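Descriptive analysis of the structure
Listed here are the chains, written in short residue letters.
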Amino acid sequence: MKKLRIEFEETVVLVNNFTEPIPADILLKLYAYYKIANANFDNPGSKTPLINAFKANALFQAKNMSKKKAMQSYIELATKELKL
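Let me begin by describing the structure that accompanies this report. Bear in mind that the values here come from a model prediction, so they are computed numbers and not experimental data. (Residues numbered from 1 in each chain as written. Predicted model: local features only at pLDDT ≥ 70, side-chain atom pairs only at ≥ 80, totals over all residues. Heavy atoms only, no water.)

**Quick word on the overall build of the chain**
Counting secondary structure elements, the chain contains four helices and zero strands. Its helices and strands in sequence order give the chain the pattern α-α-α-α, from N to C terminus. Rg of the C-alpha trace for the chain: 12 Å, near the compact-globule value of 12 Å for 84 residues, within the 12% margin. By residue count, 32% of the 84 residues in the chain fall in the buried class. If you take every contact in the chain between residues at least 6 apart in sequence, the share linking residues at least 24 apart comes to 81%. Of the accessible surface of the chain, which amounts to about 5,800 Å², a share of 56% is contributed by carbon and sulfur atoms. Taking the average location of the 13 positive side-chain charges in the chain and that of its 8 negative ones, the two points are 6 Å from each other. (Helix = DSSP H or I, 4+ residues; strand = E, 2+ residues; numbered from the N terminus. Rg over C-alpha atoms; globule rule 2.2 N^0.38 Å. Buried < 20%, exposed > 50% of the residue type's maximum accessible area, 1.4 Å probe, protein only. Contact = heavy atoms within 4.5 Å. Areas by Shrake-Rupley, 256 points an atom, 1.4 Å probe, with all protein chains shown as cover. Lys, Arg positive; Asp, Glu negative; His and termini not counted. Charge placed at Lys NZ, Arg CZ, Asp CG, Glu CD.)

**Things to note about the side chain of Lys35**
Topologically, Lys35 is positioned in helix 2 (residues 24–37). An unpaired buried charge is present at Lys35: no salt bridge exists, and Asp42, the closest side chain of opposite charge, is 5.4 Å distant. (Salt bridge = Lys/Arg side-chain N within 4 Å of Asp/Glu carboxyl O.)

**Here's the deal with the packing of aromatic side chains**
Within this structure, the stated rule accounts for two aromatic pairs. With 5.1 Å between their ring centres and 75° between their planes, Phe8 and Tyr74 make a pair best called edge-to-face. Here the residue Phe8 occupies a position in helix 1 (residues 2–16), and Tyr74 occupies one in helix 4 (residues 67–82), the gap between them amounting to 66 residues. Accessibility expressed as a relative area gives 3% for Tyr74, which makes it buried. (Phe/Tyr/Trp six-rings, centres within 6.5 Å; stacked < 30°, edge-to-face > 60°.)

**Some points on the pattern of salt bridges**
Side chains that carry opposite charge are capable of pairing whenever their charged atoms lie near each other. Summed over the entire model, instances satisfying the criterion amount to two salt bridges. Its salt-bridge partner being Glu9, residue Arg5 comes within 3.8 Å of it at the nearest N-O pair. Remark: Glu9 and Arg5 occur in helix 1; sequence separation between them is four residues, near one turn of the helix. Residue Glu9 is classed as partly exposed on the basis of its relative accessible area of 43%. In this structure, Glu81 engages Lys80 in a salt bridge whose closest nitrogen and oxygen atoms are separated by 3.8 Å.

Shown next as structure tokens:
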């Protein structure tokens, strides 16, 4: 899983440095996968309640995913949608 973790972290850097607008639905999925991959289930930190609700919903939809599957899904989604 060490190789997967490295690939995941490299993909996170690429996504964070991505300069084109990313569609909201893709961002929400990436957010959920990232949080699950890092076992971080803290409340969303947005000052906007609606954004927090969307983030919480995205996490809820992916809640049964393992850390490994979340990392794989993050990499696959970013690669496919952002053409990384």
